[in-house]
Amino acid sequence: MKHVLVLGGGAAGTMAVAKLCPRLPASEWRITVVDRDDEHHYQPGYLFVPFGTYGRADVVKPRSRYLPEGVDLVLGEIATIDTEGGAVTLADGTVLAYDQLIVATGTSPRPDQTPGMLGPEWRRSVHEFYTLEGAEALRDALAEFDGGRLVAHVSELPVKCPVAPLEFLFLADAHFRERGIRDRVELVYVTPLDGAFTTPVAAERLAGLLEARGIAVEADFVVERVDSDAKALVSYDERTVPFDLLVTVPVNMGADAIAACGLGDELQHVPVDPGTLQSRRYPNVFALGDANDAPTSKAGSAVHLALESFVENFVQHAHGRPMTHAYDGRVNCFVETGGGKALLLDFDYATQPSPSRYPLSAIGPFSGLEETAMNHVGKMMFKWAYWHLLLRGRDLPLPAGTGPSGHSAAGVAPRLDAGSPAEGAAS
Ligand SMILES: Cc1cc2nc3c(=O)[nH]c(=O)nc-3n(C[C@H](O)[C@H](O)[C@H](O)COP(=O)(O)OP(=O)(O)OC[C@H]3O[C@@H](n4cnc5c(N)ncnc54)[C@H](O)[C@@H]3O)c2cc1C
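Throughout what follows, the structure given in this document is the object of discussion. Here the structure is a predicted model, which means the values were calculated and not measured.

### Topic: the nonpolar core
Thinking step 1. Ile81, Val103, Leu150, Phe168, Leu206 and Phe310 are the most contacted members of the largest nonpolar core, which totals 113 residues.
Thinking step 2. Here this core gets ten residues from one element, more than from any other, and that element is helix α7 (residues 300-318).
Thinking step 3. Ignoring anything within four residues of it in the chain, the contact list for Val103 reads Leu7, Ile258, Leu263, Val270, Val285, Phe286, Ala287, Leu288 and Ala291.

Next comes the structure, spelled out in structure tokens:
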């Protein structure tokens, strides 16, 4: 009996075991998922919590409900990974040996990495929405905010869902207009990038949307510290950005256990081959979703678009055969722009977002780079699809179509041709 150990039962771990379970005979393979608790969070829903659209019940469900029968769930904090010996130790001392390891521990906001961020203003005038607790605290702060300077801020890239802070600003703009106080609110976007986003085409489009809403951009701002007394962000080149309400995206880092065993890079993400998602150092270790360093967006859609090729490769690898598929880096992001509209960004390692229609090139119904009500419907339907289809290993009910690079809508290239990712295609 061989053992596949999956670290993390979030989006990637859960979707992967749902697809792998029917492909690995139970007589030969045992599958175990480890996570610290039994709460599965739909993180894309955090964006809507500060505006009261979603509450806790929309975004949290029992993890165990979504794991296929026959998969063991072990609850505990992952403490150390022995990549040479093939074993993982939990904080309570439990040791779990493995033949194949799938790291799916995601990436998490780390406000402790920026001096002053966790100071006296934390959860008072300094907020984040990358945790449920943070999004709920921000909801209360927004309700009390009657005017002043609201700064949305990205500390460092990569972060998961890099468009989320922009979406927050677009929704905040609409929210303050609805409350009739938009003229009393100054909205500012502070980013370490030289523009609104990573890919030049998307950056130009998003910059236009920010400008149209009167949202100022402070670019090339690498934060050094948060000055709580002055209520200001301070950069390494000594610029300051004052705020009345700061909505920051803290540095995102992978699990500490990844750093401790030498499996990760400086942000504790696992370096992988971008086509197979196999660790560059250990052939029996794969890293899925936000936990890896693949040069595409860290997004739930990247997770499910990578799965088809990953599962084919993993099954081949588990049976000692060469892997013959490659993930092409495909990701699609519906970007909420407020007022019941959204924009679609659809790209991969090699291709920039384009104005093409998705999934059918002639009729869509979704439109790349265009603000439409249908794109907003796509964004809001994702929650239903996540809980009811994707976590259970079912495919989206979309007709077959093509992605930006001409590959199938599933984001899988037929042969291993990962090549080198396009410069700056995403982050
Ligand atoms: C505000 C926000 C908005 C977003 N919007 C979108 C969107 O619109 N579209 C989209 O596609 N994506 C979006 N995302 C990104 C998406 O949620 C993530 O890319 C996705 O959840 C990644 O899945 P994952 O399994 O890699 O990580 P996660 O879902 O974070 O799962 C990681 C799991 O590992 C567990 N874990 C970690 N460390 C340990 C440890 N030491 N011991 C035990 N367990 C551990 C965690 O408990 C967790 O369950 C958004 C994210 C945020 C925060």
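Okay, back to it.
### Side note on the pairing of strand β6 (residues 78-82)
Thinking step 1. In terms of strand pairing, β6 meets strand β7 (residues 87-90) through four bridges, oriented antiparallel. Among the inter-strand pairings, Ile81 is bridged to a residue of β7, identified as Val88.
Thinking step 2. In this structure, the hairpin formed by β6 and β7 is closed by a connection of four residues, where Gly86 is found at a positive phi of approximately 70°.

### What to know about the site of the ligand
Thinking step 1. For the ligand, the set of nearby residues contains 28 residues, the closest of which are Ala12, Asp35, Gln43, Gly300 and Ser301.
Thinking step 2. Backbone polar atom of Ile78 to a nitrogen atom of the ligand: 2.9 Å apart, as the coordinates give it.
Thinking step 3. For the ligand, an oxygen atom lies 3.4 Å from a polar atom in the backbone of Ala299.
Thinking step 4. Among the secondary structure elements, those contributing two or more residues to the shell around the ligand are α1 (11-20) and α7.
Thinking step 5. Tallied by class, the residues present in the shell around the ligand amount to eleven nonpolar, nine polar and eight charged.

### Section: the pairing of strand β1 (residues 2-7)
Each regular strand shows side chains that alternate between the opposite faces of the sheet.
Thinking step 1. Burial of β1 is extensive: five of the six residues sit out of reach of the surface.
Thinking step 2. In this structure, β1 lies alongside strand β9 (residues 100-103), joined through four bridges in parallel fashion. When the bridges of β9 are listed, Leu7 appears paired with Val103.

### So, the packing of aromatic side chains
Thinking step 1. Under the criterion given, the structure shown has 17 aromatic pairs.
Thinking step 2. Look at Phe286 and Phe310: their rings are 5.7 Å apart centre to centre, the planes differ by 75°, and that puts the pair in the edge-to-face class. Highlighted residues: Phe286 in strand β20 (residues 285-287) and Phe310 in helix α7, separated in sequence by 24 residues. This pair shows no difference in class: Phe286 is buried, exactly as Phe310 is.

### Observations regarding the sheet that holds strand β16 (residues 232-235)
Strand pairing in a sheet relies on backbone hydrogen bonds, with the paired strands running either antiparallel or parallel.
Thinking step 1. Taken together, three strands build an open sheet; the order of strands is β15-β16-β17 and the sheet is antiparallel. Two strands close off the open sheet at either side, each with one partner strand: β15 (223-227) and β17 (240-242). For this sheet the average axis-to-axis angle between neighbouring strands, irrespective of direction, equals 20°.
Thinking step 2. Here β16 pairs with β17 via three bridges, running antiparallel. Within the sheet, the bridge partner assigned to Leu233 lies in β17 and is Val241.

### Some remarks on helix α5 (residues 200-212)
Thinking step 1. Over its 13 residues, α5 runs 18 Å from end to end, which matches the ideal 18 Å to within 8%, given 1.5 Å per residue.
Thinking step 2. Every buried residue of α5 is listed here: Ala202, Ala203, Leu206, Leu209 and Leu210. Down the axis, α5 shows its buried residues gathered within 130° of arc, on one side only. Facing away from the buried side of α5 by more than 90 degrees, the exposed set consists of Pro200, Glu204, Glu211 and Ala212.
Thinking step 3. On the buried face of α5, the contacting elements are α4 (164-178), β13 (185-190), β14 (216-218), β22 (331-338) and β23 (341-347).
Thinking step 4. Downstream of α5 by a residue or two, Gly214 has a phi angle that is positive, lying close to 70°.

Rules behind the numbers
Residues numbered from 1 in each chain as written. Predicted model: local features only at pLDDT ≥ 70, side-chain atom pairs only at ≥ 80, totals over all residues. Heavy atoms only, no water. Core = buried A, V, L, I, M, F, W, Y, C linked by side-chain atoms within 4.5 Å. Buried < 20%, exposed > 50% of the residue type's maximum accessible area, 1.4 Å probe, protein only. Helix = DSSP H or I, 4+ residues; strand = E, 2+ residues; numbered from the N terminus. Contact = heavy atoms within 4.5 Å. Pairing = 2+ DSSP bridges. Near = heavy atom within 4 Å. Polar contact = N/O pair within 3.5 Å; in protein donor to acceptor, adjacent residues only side chain to side chain. Nonpolar A, V, L, I, M, F, W, Y, C, P; charged D, E, K, R; others polar. Phe/Tyr/Trp six-rings, centres within 6.5 Å; stacked < 30°, edge-to-face > 60°. Axes fitted to C-alpha atoms, helices over the stretch in contact; angles between N-to-C directions. Expected span 1.5 Å × (residues − 1). Arc of directions from axis to C-beta.

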